[in-house]
Structure formats: structure tokens, C-alpha cells
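Take a look at the letters that make up each chain.
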Amino acid sequence: MMTGEESLRIITEMINKTKFDIRQGSFYLLFWGWLIFACGMSEYLLEKFTDITHPYYVWFLVIPGVFVSMIYGFVNGRKARVRTYTGTLYMWIWMGFLFTATVLFIIQSKRMDLVAPYILLMIGLPTFISGFLIKFKPLIAGGICFWVIALVVHFAGPSFYSLGTALAMLIGYLIPGYMLKNKVDHDKV
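Residues numbered from 1 in each chain as written. Predicted model: local features only at pLDDT ≥ 70, side-chain atom pairs only at ≥ 80, totals over all residues. Heavy atoms only, no water.

### Quick notes on the overall build of the chain
Now for step 1: On a plain count of helices and strands, the chain comes out with seven helices and zero strands.
Now for step 2: Overall, the chain shows an N-to-C arrangement of helices and strands of α-α-α-α-α-α-α.
Now for step 3: Considering only intrachain contacts with a sequence separation of at least 6, the fraction spanning at least 24 residues in the chain is 67%.
Now for step 4: Carbon together with sulfur atoms contributes 72% to the accessible area of the chain, which is approximately 11,900 Å² in total. (Helix = DSSP H or I, 4+ residues; strand = E, 2+ residues; numbered from the N terminus. Contact = heavy atoms within 4.5 Å. Areas by Shrake-Rupley, 256 points an atom, 1.4 Å probe, with all protein chains shown as cover.)

If you want it as C-alpha cells, here you go:
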């Protein structure tokens, strides 16, 4: 039979484990933040300063990125000792984004040059909700940032899509991602 102290310790450990697992999402924020930032900046720079005819080909780097994310998630999911409702919800929110983005790419396959504001708009929602799930205000602000930048690039026009996307990733993913990573590292101590 467990004592009250042992029960409380186990409950506290489970709560802390859940927080830590969710905050490991900093990997995804940093991985996708840097990948999309690099693609956006590369397209912008190639378009403005070279005579390359298809600078948007850099976006094909996203395809292996999806596989890296899935493998990382699968490996870490198998290692997890505790599965929580919040962790499962977090995963399915992002899977929903992936499915929605895939359908958008299929629908817009003839006009991929117009997709950026829609992707920024869509990515705002799971980012915003994820911030609430892990109670992390910088990520909530990141979601709002995606919505604002989606509006800005829509009205600014296609010539600003790649630069706007890079900026959105910097503010919406990379800054919160590093803040979350530092919080996780600090919580480990």
C-alpha cells in the first residue's frame, strides 16, 4: 500500500512528465522554423539576385522535412512512457494541419505561387492552440503573428510571399521555439 506522500510524488511526476513531453515540441518549432525560413529566404534571394528561372524549387526541401518530422515523432512517441490526452490532442492538431495543407496543395497545384497567405493563415491556428495547450504565451503570440503576416502578404502581393513567410517563421516559430527550448533546459536542472 502506498503512503500519501508516495501517491503525491507519483502524481507530481506524471504532471511534470506531461509538461516536459509537450515542451519537447520545441524541436518541431525549431526544425520547421529553420527549414521554412531557409526556403523563404532562398527563394526571395534567388528571385531578386539571380536569373534562375524556378527559384521556388527550394520548397521541395519541405518533402524530406515531413519525413524527418514523422520519424522523429514516431521514435519519440515509442519512447514515451506516458500518453496523455493533451499530448494526443497536440499531435492530432498538427496532423490535421498537415492533412489540410496537403489538400490545399492538391487543389492549388496549378497556382502554387498563390499558396503562401493561405498556409500562413492555416498555420496560425495550430500554433495558437498549441500555445494554449502548453500554457506558453510566446507561442500564442506566434499564432497571432502568422495571421497578421498572412494579411500583410496578401495585400502586399506575391512578390512579398517568400520574404513574408520567412519573417513569419522567425517571429512565429523560431523565437518561441528557442524560448521554449530554454525553458525546457532550465526545467531539467
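### Remarks on the packing of aromatic side chains
Now for step 1: Counted under the stated rule, the structure contains 13 aromatic pairs.
Now for step 2: Seen from their ring centres, Phe27 and Phe31 are 5.6 Å apart, and the 10 degrees between their planes marks the pair as stacked. Placement of both Phe27 and Phe31 in helix 2 (residues 26–49) is noted, with a separation of four residues, approximately one turn of the helix.
Now for step 3: What makes Phe31 partly exposed here is its relative accessible area of 22%.
Now for step 4: An angle of 85 degrees between the planes, with centres 5.7 Å apart, marks the rings of Trp34 and Phe37 as edge-to-face. Placement of both Trp34 and Phe37 in helix 2 is noted, with a separation of three residues, approximately one turn of the helix.
Now for step 5: Taking the relative accessible area as the measure of exposure, Phe37 reaches 21% and is therefore partly exposed.
Now for step 6: Ring pairs connect the aromatic residues Phe27, Tyr28, Phe31, Trp32 and Tyr72, which therefore count as one cluster. (Phe/Tyr/Trp six-rings, centres within 6.5 Å; stacked < 30°, edge-to-face > 60°. Buried < 20%, exposed > 50% of the residue type's maximum accessible area, 1.4 Å probe, protein only.)

### Quick notes on the confidence of the model for the chain
Now for step 1: Scored by pLDDT, the chain comes out at a mean of 87, with 87% of its residues at no less than 70.
Now for step 2: Per-element mean pLDDT across the chain ranges from 65 in helix 1 (residues 4–23) up to 97 in helix 6 (residues 137–156). (pLDDT = per-residue confidence, 0-100.)

### Digging into helix 5 (residues 116–133)
Now for step 1: With 18 residues, helix 5 extends 26 Å from end C-alpha to end C-alpha; this agrees with the ideal 26 Å at 1.5 Å per step.
Now for step 2: Just downstream of helix 5 lies Lys135, where phi reads positive at about 55 degrees. (Expected span 1.5 Å × (residues − 1).)

### Examining the side chain of Ser69
Now for step 1: Position of Ser69 relative to the elements: it lies in helix 3 (residues 62–79).
Now for step 2: Residue contacts for Ser69: discarding those within four places in its chain leaves Tyr28, Phe31 and Trp32.

### Side note on unusual backbone geometry
Excluding glycine, residues mostly have negative phi values, and the peptide bonds linking residues are mostly trans.
Now for step 1: One non-glycine residue, Lys135, adopts positive backbone phi at about 55 degrees.
Now for step 2: Looking at where Lys135 falls in the secondary structure, it is placed in the loop between helix 5 and helix 6.
Now for step 3: On the basis of relative accessible area, Lys135 is assigned to the exposed category, the value being 72%.

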